[in-house]
Amino acid sequence: MALINVKTKEVQIKIVYYGPGRGGKTTNLEYINEKYRDQIKTEMVSLKTQDDRTLFFDFLPFDVGQIKGFDITIQLYTVPGQVKYNATRRLVLRGVDGIVFVADVQKEQRKKNIDSLNQLYENLETYNLDLFNMPVVMQYNKIDLKRSDIPILSSKTMQKDLNSLLQAPAFEASALKGGNVIPTLKKSISMTLASIQDQLF
Amino acid sequence: MNSLAELKNIVASLNENITGDDITTFQKLISQLGQQYEGNTNVTTFLKMMRSLSKYLAFKKNNAHADSIPALNSIVMQLEKVINDPDLKEDDASQILSDEIEKYKTLKNKIASKPSITDNDINDLKAVILSVDWEISDVTLLNFETVTTNLLKQFKNYKIHYTFLKIIHSIGRYIGRQKANAPTDSISFLRSVFENFELIILTPEMTFKEKKQILETDINRFYEFKQKIPRQKKTTNLKDDTSEDESFSPALSHIKKTGMAAADEVVPLTTLGESEGFPLEEKTDSDKMAPALADKKSSSMGPRDIMDDLFSVKESPADELLDAIHLQDIPGQSPSQALNMLNQTRNIPSDGVKNFTPQNMDNEPIPEIGNRLDEFFNLEAPEDSDESFEESLSKREDKNDDSGGPLPDPDFDILTRLKTTIKTPESLQDKSSLMSINQDISLLEKSWQNDPEKTCLLQIISSLTNVLKNQPETVLQENKSTTNEADENIPDTPQEETVGVLGKIKGMFTS
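Residues numbered from 1 in each chain as written. Chains lettered and ligands numbered in written order. Predicted model: local features only at pLDDT ≥ 70, side-chain atom pairs only at ≥ 80, totals over all residues. Heavy atoms only, no water.

What follows is about the overall build of chain A. A count of helices and strands for chain A gives six helices and eight strands. For chain A, the proportion of its 201 residues judged to be buried stands at 69%. Long-range contacts, defined as pairs at least 24 residues apart, comprise 69% of the intrachain contacts of chain A with a sequence gap of at least 6. In the form shown here, chain A has an accessible surface area of approximately 6700 Å², with 44% of it arising from carbon and sulfur atoms. (Helix = DSSP H or I, 4+ residues; strand = E, 2+ residues; numbered from the N terminus. Buried < 20%, exposed > 50% of the residue type's maximum accessible area, 1.4 Å probe, protein only. Contact = heavy atoms within 4.5 Å. Areas by Shrake-Rupley, 256 points an atom, 1.4 Å probe, with all protein chains shown as cover.)

Moving on to the overall build of chain B. A tally of helices and strands in chain B yields 21 helices and two strands. Put simply, chain B has 511 residues, and 32% of those count as buried. Partitioning the contacts of chain B with sequence separation of at least 6, the portion at a separation of at least 24 is 60%. Just so you have it, chain B exposes about 33200 Å², and 51% of that area is on carbon and sulfur atoms.

Bringing the confidence of the model for chain B into the picture now. Residue and element names in this part refer to chain B. On average, residues of chain B score 70 in pLDDT, and 61% of them are at 70 or above. Note on residues 234-242: pLDDT under 50 across the span, and two contacts to partners over four residues away in sequence or across chains. Confidence over residues 480-498 falls short of pLDDT 50; this stretch has three contacts with residues more than four positions distant or in other chains. Complex prediction metrics read pTM 0.45 and ipTM 0.86. (pLDDT = per-residue confidence, 0-100.)

Moving on, we get to helix α19 (residues 452-470) of chain B. With 19 residues, α19(B) extends 27 Å from end C-alpha to end C-alpha; this agrees with the ideal 27 Å at 1.5 Å per step. Among all positions of α19(B), only B:Thr455, B:Leu458, B:Ser462, B:Leu464, B:Thr465 and B:Leu468 are buried. (Expected span 1.5 Å × (residues − 1).)

What follows deals with the environment of B:Asn466. All names here are of chain B. Looking at the element boundaries, Asn466 is found in helix α19. Accessibility expressed as a relative area gives 30% for Asn466, which makes it partly exposed. Each C-alpha atom of the pair Asn466 and Asn438 lies 9.7 Å from the other, and the pair is 28 residues apart in sequence.

Our next topic: the environment of A:Leu76. With respect to the element layout, A:Leu76 can be found in strand β5 (residues 70-78). In this structure, A:Leu76 is in contact with A:Ile15, A:Tyr17, A:Leu29, A:Ile32, A:Asp58, A:Phe59, A:Leu60, A:Phe62 and A:Leu185, ignoring residues within four places of it in sequence.

For A:Asp97, the position within the fold is in the loop between α3 (86-92) and β6 (98-104). Residue classification places A:Asp97 among the buried positions, given a relative accessible area of 0%. A polar side-chain atom of A:Asp97 sits 2.6 Å from the main-chain amide nitrogen of A:Lys14. Those residues in contact with A:Asp97, other than ones at most four positions away along the chain, are A:Met1, A:Ala2, A:Gln12, A:Ile13, A:Lys14, A:Met134, A:Pro135, A:Thr192, B:Phe356 and B:Pro358. (Polar contact = N/O pair within 3.5 Å; in protein donor to acceptor, adjacent residues only side chain to side chain.)

Our next topic: the packing of helix α1 (residues 25-35) of chain A against helix α6 (residues 181-200) of chain A. All names here are of chain A. Two elements in contact, α1 and α6, have axes whose closest approach is 10 Å; the angle formed by their N-to-C orientations is 95°. Taken as axis vectors, α1 and α6 run roughly perpendicular relative to one another. Residues Asn28, Tyr31 and Ile32 of α1 touch α6, and the partners they reach there are Val181, Ile182 and Leu185. Split by residue class, the contact of α1 with α6 holds five nonpolar, one polar and no charged. (Axes fitted to C-alpha atoms, helices over the stretch in contact; angles between N-to-C directions. Parallel < 35°, antiparallel > 145°, perpendicular 65-115°, else oblique. Nonpolar A, V, L, I, M, F, W, Y, C, P; charged D, E, K, R; others polar.)

Here we come to the packing of aromatic side chains. For the coordinates displayed, the defined rule picks out 12 aromatic pairs over all chains. Judged by centre distance (4.8 Å) and plane angle (45°), the ring pair of A:Phe59 and A:Tyr77 falls under tilted. Note that A:Phe59 is positioned in strand β4 (residues 54-67) and A:Tyr77 in strand β5, a separation of 18 residues in sequence. In this structure, A:Phe59 and A:Tyr77 share a single accessibility class: buried. Taking the centre distance of 5.7 Å and the plane angle of 90° together, the rings of B:Tyr174 and B:Phe225 count as edge-to-face. You can see B:Tyr174 sitting in helix α8 (residues 159-178) and its partner B:Phe225 sitting in helix α10 (residues 208-238), a full 51 residues away along the chain. For the pair shown, B:Tyr174 and B:Phe225 are each scored as buried. What links up through ring pairs into an aromatic cluster is the set A:Tyr36, A:Phe62, B:Phe376 and B:Phe377. (Phe/Tyr/Trp six-rings, centres within 6.5 Å; stacked < 30°, edge-to-face > 60°.)

Every other side chain in a regular strand lies on the same face of the sheet, so the side chains alternate between the two faces. The alternating pattern of strand β1 (residues 2-5) of chain A places A:Ala2 and A:Ile4 and A:Leu3 and A:Asn5 on opposite faces, both of which are buried. Strand direction decides the pairing type here: β1(A) and strand β2 (residues 353-356) of chain B, joined by four bridges, are antiparallel. Counted as the bridge partner of A:Asn5 is B:Val353 from β2(B). Here three bridges tie β1(A) to strand β2 (residues 10-18) of chain A, and the two strands are oriented antiparallel to one another. Pairing of A:Ile4 across the sheet is with A:Val11, part of β2(A). Following β1(A), the chain reverses through four residues before pairing antiparallel with β2(A); A:Lys9 in that reversal takes a positive phi of roughly 55°. (Pairing = 2+ DSSP bridges.)

Taking 1.5 Å per residue, 17 residues should reach 24 Å; helix α4 (residues 68-84) of chain B reaches 24 Å between its end C-alpha atoms and fits that length. Within α4(B), burial applies to B:Ser68, B:Ile69, B:Ala71, B:Leu72, B:Ser74, B:Ile75, B:Val76, B:Leu79 and B:Val82.

Residues and elements named next belong to chain A. In terms of burial, β6 is largely enclosed, as seven of its seven residues are buried. Every second residue of β6 is oriented toward a common face, with Gly98, Val100, Val102 and Asp104 on one face and Ile99, Phe101 and Ala103 on the other, all of them buried. Pairing of β2 with β6 involves four bridges; the strand directions are parallel. Each residue of the ladder has a partner; that of Tyr17, found in β6, is Val100. Across six bridges, β6 lies against strand β7 (residues 136-141) in parallel orientation.

Put into structure tokens, the structure is as follows:
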């Protein structure tokens, strides 16, 4: 839930990057941290396993400045994608304000994308949150693989599999090279702030 | 062979398998011995215990208590001693008998008593299940195997408990084999079976019928779970051949049946392509490559000691979240306890703080949101910018007027000064101005030495300044007078009093 301090005029929102393992959630945050290092001014917390996979979560907080006199702080989190870490995923989702669902366009990841989104719904339910009422942005990552021999799913299939019911704004992306990473984030922040603007501004 | 020797043989065979025929023969032999030793109280008491045990074995067969055959064996051995040892005194025989009676009573109590499960047993089982939920690793799986196997041995004679444990054991083993490929609901199923097992243990007043009903439900769920597995195996095997046409149920279709849009009707997708200036090609060899082990060395802080963080002052929500995750990992702690802890730390009442749960009402963001985010994210690094040098310069000039903007860098100051100085042709005749121009050019050349384009432009400006400086004053005056004549012919056009050096340079290129 968004924390709003009306006295000090501060707003804090939490956006969680969710999706199957090895989908590129951490890469999204690393790109943002690298590209906007000067503006962000804070340290990214990242706890990884020996094979470079997210163990607990990544955390990147930053201030985007003032909107109508309110200082806006964004907290970006990722969840560990591996199936076995669902307990951690549930904990990270506590108090979430916006979701970026990072799906992997590789053909062999098709079922995992669907399973992960279904599990996101269930995990949010434990906090009495309805995914259909949340600010969600879909990101179809690793689109750059179309240049290689690795078979990938078309965006049409990705939309059908993941977004036919949710109908969230969707972005093709290449987190590794930064493609559409920032538009995805901007959309997510924008939607999340818009969802609380009536109470705020 | 006498009856006693035959009895011993039958007991030995019962160790391996308890059959109805063996028990019938055993009972016949007991009757024969009873007739033979009628009047011998010690022997008839031994025989009475044996008869009673044989009835129990006839009823339970292989499900009999694990201690029953050893107890029977002991009775037969001691009976043989009492009958066949001529030196055995009456007192010693009575002592042997009373010892056997004691053993027999202990066995009876064991059979009659309810399964004894301690809090530790339950907590151990809960801990290993939670640890598998937390992480499927060799260590957690080994612990799971050890605890469940011990409990299975312990509850071998208690059908309901044993069946629950057997289901838990089977699901755990399956998860262990499948690891990350295990269906997402397998761990939640494991936990729910454990919760039912815990319920029947912790509710002593529950009737047998109620326990049986809970067990039957779990058995049915277990069969359903097992039936799903072969289908998933098939799917996995076919994975390589799957085409995009293969039908997968869309995500969330089991939750929301209505409102499903066709693929073409789904909300617009923002694509990523070369047309938008995004390079999809791989990095070339010329790209800078970090030397081996460079990333290892750069981290001077060393790995973060996570456990130390538990005792440190909390500085960010990430620290609190880490604590909650660690607490969850402690055996006996349930995830809800960790969550409660997180809630307590987050919900400390603070003056003026309100919590809002965002609801996506398809609100259009107010323009200020978009403007602020554009401003924040569009601050590109200079090397990423594809704008021309002049555009960049003018933008920076504009920004300089804004008192709230970033501080100008020294190069920018020099450039502004240079631009002002060479604006007027007179400056080329003034020695101090000329010195200043040359000084600024050399400062900028030094600063931009890695940028060949800029240094080249600076060299052109420097050369042209020298050319213009060495031009006879008359030429300058002629130029001035020609300009004035032309201006006279077009009286309505605003007049430019002086033509700057930049103007002259431009004129040289356009003429």
